[in-house]
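Given next are the chains, with one letter for each unit.
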Amino acid sequence: MTNADREPVFRALEIIANTLVRAQKVDLRFTGLDNIPTRGGAVLVVNHTAYVDFLPAALGLYRVGRRARFMIKSEVMDVAIMRFLVNHTRTIPVDRSQGTDAYRAAVDSLRSGEIVVVYPEATISRSFELKEFKTGAVRMALEAQVPMIPTIVWGAQRQWTKGGKRRMGRAGIPIAVGYGAPIHVPADADVEEQTARLRAQMTEVLHEVQDAYPHPAGEFWVPTRLGGTAPTPEQAAVIEDEEAQRKAAARAAKAAQREGKSRR
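Residues numbered from 1 in each chain as written. Predicted model: local features only at pLDDT ≥ 70, side-chain atom pairs only at ≥ 80, totals over all residues. Heavy atoms only, no water.

A. Representation of the overall build of the protein. The helix and strand tally for the protein stands at eight helices and seven strands. Each of the 264 residues in the protein was classed as buried or not, and the buried ones make up 44%. A fraction of 73% describes how many contacts in the protein between residues 6 or more apart in sequence connect residues 24 or more apart. A total of about 13,900 Å² of accessible surface is found on the protein, and carbon and sulfur atoms cover 54% of it. (Helix = DSSP H or I, 4+ residues; strand = E, 2+ residues; numbered from the N terminus. Buried < 20%, exposed > 50% of the residue type's maximum accessible area, 1.4 Å probe, protein only. Contact = heavy atoms within 4.5 Å. Areas by Shrake-Rupley, 256 points an atom, 1.4 Å probe, with all protein chains shown as cover.)

This is how it looks when you write it as structure tokens:
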């Protein structure tokens, strides 16, 4: 029985995704596909610049006959259709206040030979540069004893990102995906040191992908370093801190409202 036979919902999503890319005339460019293991578990570590950067990363895996298990915010489970898709594609919901269950599920998936996608920056980078990394990707790879694949998606921020206009029509936007050489974490490795190593290697892949991609001066989606008008990493950090505070306040207000209703 093939993967398509075992996972008809996943297969349907693959067909929809490929149809969508063709309809939008997206110019997908892949490098390093041979760095994706053809079998066995791996942590696919992806930079985060857009709401839709998961799609090009997954389509690269599709090209080599692999599928990914994404770790996504647990809030999506509040939506019926998303709950259905999560349950039928073995996606891993993450409750940020209680991440232990998601972590264990991810490690189990890795040990069973799956590829698990992790965004080490946790949130979209408004500067389009790499932010500081969380240690989860390294800890998973270390515990499951599988490689990490540093992955860069570049150009998806032109389609849909924070602070930018949505361009999901037939714009023919080029999107480049670079898969770097696998990183093997020694059994006695220091997690912080390996996280720094991962970030350094992802920076190298990022610059390689960017070197082959045109960057018109003054564009909102181009980093300041390359002549664009995106916020600098320092400016982006201020914006992101303010945004995090607003979201925390909204969550607290919502929780208080629920608690008030339960007491009535």
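Having seen the model, we can carry on.
B. Expanded view of empty space enclosed by the protein. Using the criterion set out here, one finds one cavity of 30 Å³ or more in the structure. The space that makes up the largest cavity amounts to roughly 30 Å³. Looking at the largest cavity, the residues that line it are Q24, V26, Q159, R167, M168, G169, A171, G172 and I173. Classifying every residue of the lining of the largest cavity by side-chain character gives four nonpolar, four polar and one charged. (1 Å grid on protein atoms, 1.4 Å probe; cavity = no way out; pocket = protein on both sides within 12 Å on 5 of 7 lines; lining within 4 Å. Points joined across faces, edges and corners; volume = space filled by probe spheres on them. Nonpolar A, V, L, I, M, F, W, Y, C, P; charged D, E, K, R; others polar.)

C. Structural view of the packing of helix α6 (residues 136-144) against helix α7 (residues 191-211). At a minimum axis distance of 9 Å, the contact between α6 and α7 shows a crossing angle of 115°. With respect to each other, α6 and α7 are oriented roughly perpendicular. Crossing handedness for the pair α6 and α7: right-handed. For the pair formed by α6 and α7, the contact residues are A137, V138, R139 and L142 on the first element and V191, Q194, T195 and L198 on the second. Considered class by class, the residues forming the contact of α6 with α7 number five nonpolar, two polar and one charged. (Axes fitted to C-alpha atoms, helices over the stretch in contact; angles between N-to-C directions. Parallel < 35°, antiparallel > 145°, perpendicular 65-115°, else oblique. Left-handed = near helix turned anticlockwise from the far one by under 90°.)

D. Geometry of the packing of aromatic side chains. Considering all chains together, one arrives at three aromatic pairs under this definition. With a centroid separation of 5.0 Å and 50° between ring planes, the pair formed by Y51 and W160 is classed as tilted. Here W160 lies in the loop between β6 (148-154) and β7 (174-179) and Y51 lies in the loop between β2 (42-46) and α3 (54-63), a separation of 109 residues in the sequence. We classify W160 as partly exposed; its relative accessible area is 28%. Ring centres of F54 and F70 lie 6.2 Å apart, and the angle between their planes is 85°; this geometry places the pair in the edge-to-face category. Taken together, the residues span a long stretch of sequence, with F54 in helix α3 and F70 in strand β3 (residues 68-73) at a distance of 16 residues. (Phe/Tyr/Trp six-rings, centres within 6.5 Å; stacked < 30°, edge-to-face > 60°.)

E. Main features of the nonpolar core. By size, the foremost hydrophobic cluster in this structure holds 64 residues, and its most contacted members are V43, L44, M71, M140, M148, I152 and L198. Tallying contributions element by element places α6 first for this core, with six residues. Ignoring sequence-local partners within four residues, the contact set of L44 consists of L61, I115, V116, V117, V118, I149, T151 and Y179. (Core = buried A, V, L, I, M, F, W, Y, C linked by side-chain atoms within 4.5 Å.)

F. Local environment of the packing of helix α5 (residues 100-111) against α6. Orientation of α5 relative to α6, taken along the N-to-C sense of each, is 45°, at an axis distance of 9 Å. When the interaxial angle is binned, α5 and α6 end up oblique. Helix-helix and strand crossings are classified by hand; for α5 and α6 the assignment is right-handed. For the pair α5 and α6, contact is made by Y103, R104, A106, V107, L110 and R111 and by G136, R139, M140, E143 and A144, respectively. Here the residues of the contact of α5 with α6 are counted per class, giving six nonpolar, one polar and four charged.

G. Main features of the pairing of β7. Counting buried positions along β7 yields six of six residues, so the element is predominantly enclosed. Here β7 shows no split at all, with P174, A176 and G178 on one side and I175, V177 and Y179 on the other all buried. As judged from the five bridges shared by strand β1 (residues 27-31) and β7, these two strands associate in the parallel manner. Paired with R29 across the bridge in β7 is A176. Direction of pairing for β6 relative to β7: antiparallel, over a ladder of four bridges. Along β7, the bridge assignment pairs T151 with Y179. (Pairing = 2+ DSSP bridges.)

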